[in-house]
Amino acid sequence: MSETNSSPSDLVQSGNLSSVENTSDGLKVSIGNHLRFTLATGIGIASDRDWWVATCLAVRDRVLDLSSRTNANHRNKNVRRLHYLSLEYLMGRLLENNLRNSDLYDAAKQALGEMGKDLDSILNKEPDMGLGNGGLGRLAACFLDSLSTLDLPAVGYGIHYEFGLFRQEIVGGRQMEQPDVWTRDGNPWKIVRPDYRQTINLYGKTVQKFDDQGKGHVEWVDTKTIVGVPWDIPIVGYDSETVNLLRLWEAHASDAFNFHVFNSGSYMEAIHDKAMAETVSKVLYPNDSTETGKELRLVQQYFFVACSLADIVRRFKRDNPAHWSLFPDKVAVQLNDTHPAVAIPELMRILVDQEFLKWNEAWEICKKIFAYTNHTLLPEALEMWSVPLFGRVLPRHLEIIFEINRLFLDGEVEKMWPGDSEKKRVLSIIDERGAKSVRMANLSVVGSHAVNGVAALHTRLLREKLFPEFDAVFPDRFLNLTNGITFRRWLDVCNPQLSKLISDTIGTGWKKDAMKLTALESYADDNSFQQCYRRIKRDAKVRLAKIIQDTCGITVSPDALFDVQIKRLHEYKRQHLNLVHIVALYQKLLADPDADIHPRVFIFGAKAAPGYFLAKNIIHAINALGSKVNNDPRVKGKIKVVFLPNYGVTLAERIIPASDLSEQISTAGKEASGTGNMKLALNGALTIGTLDGANVEIKEEVGDDNIFIFGLTVEEVNDLHTRGYNPWDYYWADSQVRNAIDWLASDFFTGNSADFKPLRDSLLDHGDPYMVLADFASYARAQSDVDAAYKNPAKWDRMAILNTARMGKFSSDRTISEYAEKVWNLKAVSRA
Ligand code: 26Q
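Residues numbered from 1 in each chain as written. Predicted model: local features only at pLDDT ≥ 70, side-chain atom pairs only at ≥ 80, totals over all residues. Heavy atoms only, no water.

(A) The pairing of strand 22 (residues 639-643), seen in detail. Taking burial as the measure, the 5 residues of strand 22 include 5 buried ones, the bulk of the element. The pairing of strand 21 (residues 600-605) with strand 22 spans 5 bridges and is classified as parallel. Bridged to Arg-600 within strand 22 is Ile-639. The parallel pair strand 21 and strand 22 is bridged by helix 24 (residues 613-629), and the resulting crossover is right-handed. (Buried < 20%, exposed > 50% of the residue type's maximum accessible area, 1.4 Å probe, protein only. Helix = DSSP H or I, 4+ residues; strand = E, 2+ residues; numbered from the N terminus. Pairing = 2+ DSSP bridges. Right-handed = clockwise from strand over helix to strand, strands pointing away.)

(B) The arrangement of the site of the ligand in detail. Taken together, 20 residues form the shell around the ligand, and within it Leu-136, His-375, Asn-483, Glu-671 and Gly-674 come nearest. One of the side-chain nitrogen or oxygen atoms of His-375 is found 2.6 Å away from an oxygen atom of the ligand. Per element, the largest residue contribution to the shell around the ligand is 3 residues, and it comes from helix 7 (residues 135-149). Considering only residue class, the shell around the ligand consists of 5 nonpolar, 9 polar and 6 charged. (Near = heavy atom within 4 Å. Polar contact = N/O pair within 3.5 Å; in protein donor to acceptor, adjacent residues only side chain to side chain. Nonpolar A, V, L, I, M, F, W, Y, C, P; charged D, E, K, R; others polar.)

(C) Examining the sheet that holds strand 24 (residues 686-689) more closely. Across the sheet, which stays open at both edges, the 6 strands sit in the order 22-21-20-23-24-25 with parallel pairing between neighbours. Whereas interior strands pair on both sides, the edge strands pair on one side only; in this sheet they are strand 22 and strand 25 (708-709). Bridge count for strand 20 (residues 561-566) against strand 23 (residues 661-664) is 2 bridges, and the pairing is parallel. Looking at strand 23, one finds that Asp-563 is bridged to Leu-661.

(D) Molecular detail of unusual backbone geometry. For Asp-768, which is not glycine, the phi torsion reads 50° and is therefore positive. Examined against the element boundaries, Asp-768 turns out to sit in the loop between helix 31 (757-763) and helix 32 (772-790). Of the residues examined, Asp-768 reaches a relative accessible area of 2% and is grouped as buried. Phi is positive for Met-771, which is not a glycine, with a value near 60°. Looking at the element boundaries, Met-771 is found in the loop between helix 31 and helix 32.

(E) Layout of the pairing of strand 11 (residues 224-236). Among the 13 residues in strand 11, 11 count as buried, and that is most of the element. Across 2 bridges, strand 7 (residues 191-192) lies against strand 11 in antiparallel orientation. When the sheet's bridge partners are listed, Ile-191 is paired in strand 11 with Asp-232. Across 5 bridges, strand 8 (residues 198-202) lies against strand 11 in antiparallel orientation. Among the inter-strand pairings, Asn-201 is bridged to a residue of strand 11, identified as Thr-225. Here 11 bridges tie strand 11 to strand 12 (residues 243-253), and the two strands are oriented antiparallel to one another.

(F) Representation of the nonpolar core in the model. Counting residues in each nonpolar core, the largest one holds 266 residues, and the members touching the most others are Phe-327, Phe-390, Ile-404, Val-438 and Trp-824. In terms of residue count, helix 10 (residues 295-319) provides more of this core than any other element does, 12 residues in total. With residues near it in sequence (within four places) discarded, Ile-404 still touches Ile-344, Met-348, Trp-359, Trp-363, Ile-429, Leu-443 and Val-446. (Core = buried A, V, L, I, M, F, W, Y, C linked by side-chain atoms within 4.5 Å. Contact = heavy atoms within 4.5 Å.)

(G) Representation of the side chain of Asp-660 in the model. Its place among the elements puts Asp-660 in the loop between helix 25 (649-655) and strand 23. For Asp-660, a relative accessible area of 3% translates into the label buried. A polar contact of 2.8 Å, which involves the side chain of Asp-660, links it to the backbone nitrogen of Phe-562. Each residue touching Asp-660, except ones within four places of it in the same chain, is listed here: Lys-537, Lys-541, Ala-560, Leu-561, Phe-562, Gly-684, Ala-685, Leu-686, Tyr-790 and Trp-796.

(H) Local environment of helix 22 (residues 527-552). The end-to-end C-alpha distance of helix 22, which contains 26 residues, comes to 36 Å, matching closely the 38 Å that a straight helix rising 1.5 Å per residue would cover. Burial in helix 22 covers these residues: Phe-529, Gln-530, Tyr-533, Ile-536, Lys-537, Ala-540, Lys-541, Leu-544, Ala-545 and Ile-548. Sitting at the head of helix 22, Asp-526 places a side-chain oxygen 2.9 Å from the backbone nitrogen of Ser-528. Looking one or two residues past helix 22, Gly-553 carries a phi angle of roughly 65°, positive in sign. (Expected span 1.5 Å × (residues − 1).)

(I) Main features of the sheet that holds strand 16 (residues 430-431). The strand order across the open sheet built from 3 strands is 15-17-16, with neighbouring strands paired in antiparallel fashion. Looking at which strands have only one partner, the edges of the open sheet turn out to be strand 15 (384-386) and strand 16.

Read these as layout, nothing more, since geometry by itself doesn't imply function.
Below is the structure:
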């Protein structure tokens, strides 16, 4: 696959082997052969996992053929490539996605059927590739799908974590973390590429050296080394012949280790060093906001950045001998948040210390290559590294950062605001207020030619609140690129019944041109289309009800309204607003058992960072509420509360098609974009949400009548903060919210009134930082509007259909086309 040492023209010839025919007969031969010759088993005795592996390998054979051709084509044409640098990729499962994208699903179903196996149960054998935390990681995966689909040349770079995001179990209502062993038995999608290993340096010190002309340069010496071995995963686009690669680096001890073992006599110490080297790619950090200054995290960041840049430079030098001025014509690098921002000083180090370019020339190249996407405004989530720690791990990079900073402050900043030390203080890459630290966001803005936010509101706040001074110095640097999702996975793969209804009605063109979905608008009031749409939603709810029954032992009716909040657990996302409202509803039903409320199932899916105490307390509270409500005969089954454990990509694919209502209820100004909001609306769930992130743009697209908006706006949130927000004012003024919080903090739910005191205290004594109480009344009103609307099925169906019809803007194909045009200057490459 990918790169080989054969000449490019040999590679172009390599297709069209008869054993990789794309028919069910061809697949049958391949699957049978892989069972026998790769897995040493046979049709009669293979396990379901064997069948899964053999089917993946049969598909992979076909994909690798395209992958080799893609690589040869890109190499022959010496194209400009995008290199996406991300610490996270949430790929989920790959087999069904790859089958549907390459139009092999029906052939595979038939092939397996004729061999006595059911494709769908085999698909279920695949573990998720969960190498990410949440939105940022899934966005990277959606982008890779769009890049291949749009025939854009790209490589995704990341880390081959041995353990992805932890597996969540719920024990006694509480979250427990278990290791995610996704690769314990191997994984047929990843292929090791030992020829492309890289050796990188860490620690050590710098020395000034002079050549015989008396010219000085810096050397980084006495370093420790780590080897990165790449694993490649082919990225199959929809109806496209481009197969790009995701290249994930695995950390190993260097060969020097072996030398050490055999010569030093200290075998145990040597083994210890080897184990230390291999911890670098062991585990994904499970935080999606801050986790301050852990050395291993910095080492992870540098390890994968250094391996990736070395790989990029290797490819560039191979194809463009010794023309550094061409580098920006061939290479674009996108930084997925600041996590890979150490790439900026690393490229400077390569160009200045290794390639002996002049500083200014190197710096111009750097700025042309890098672009930075910001994903958060939360101050606690902005990455900072202590200067002493950074200097110990990466002494040369710290020097380079100091020099970048000096030239920036003495240059652009001094020119704009002569003698203004306050401006220099806020713009400096080094925070000097307390213990000195490196501000990775400032480094990223200074070292990139483009900085983007991920939704219109977010970008406005980025420019106005987070980086106003940078925006003044570099007015052309900031732009908005609203996030998107791939409609292949989030409609075609996860909801094949709805996908088929849409294709039968308006054709399949929407899969490549999502704006074509607007043709569904004219069916919004069509009774027979509504019936089909409703039937598909109900079938999905029946399937989800079975999952709920099997995993939680809770019986729910598919005729109830499925009200869904699925996302990481965070205070700013306000799962506790939803929770307090359910408690209030419960009280209302006890006071008036015949209250005219349409039956509702409240469904949650959320992982909390293992060290985030309050988030875990909220999970416990949701589960405790569920245990009471679900078993209380007095509510007559009108409300149920379900917490589905281990939320991830695959579970999302089951929940989203079955959702009626999508909870997007963050405090305005806190959620950069959200992408679950887009997935749910696409599948016909109506949004109840604040004017935050991409909700604002979803409202613009679907129309005010087809969304339930509530709560304070960003401006109102800021005003209230300025005036002085006091949750007690709301507590005393509203008996509904008061009774709900008091009841939650009593011993009713678990028998122990201390259990949810932390949650109560955060809402009251600690000032309710995310304004749950301020938005409660407005939220409760919007929820009763939802109830009223749901009681009118024809009206609800119309709204849901219009949501599906009007989501075209949120295709990641649109997002990626904008990046390609406005940031990367990247052109589609026609097939060989
Ligand atoms: C940082 C330092 C140390 C350890 C971990 C981290 C870390 C890891 C992951 C910090 C942040 C993240 C992830 C952030 C994230 O997922 N942000 C989300 O990005 C989405 C895609 O743009 C947006 O839609 C969401 O609004 C945003 O919250």
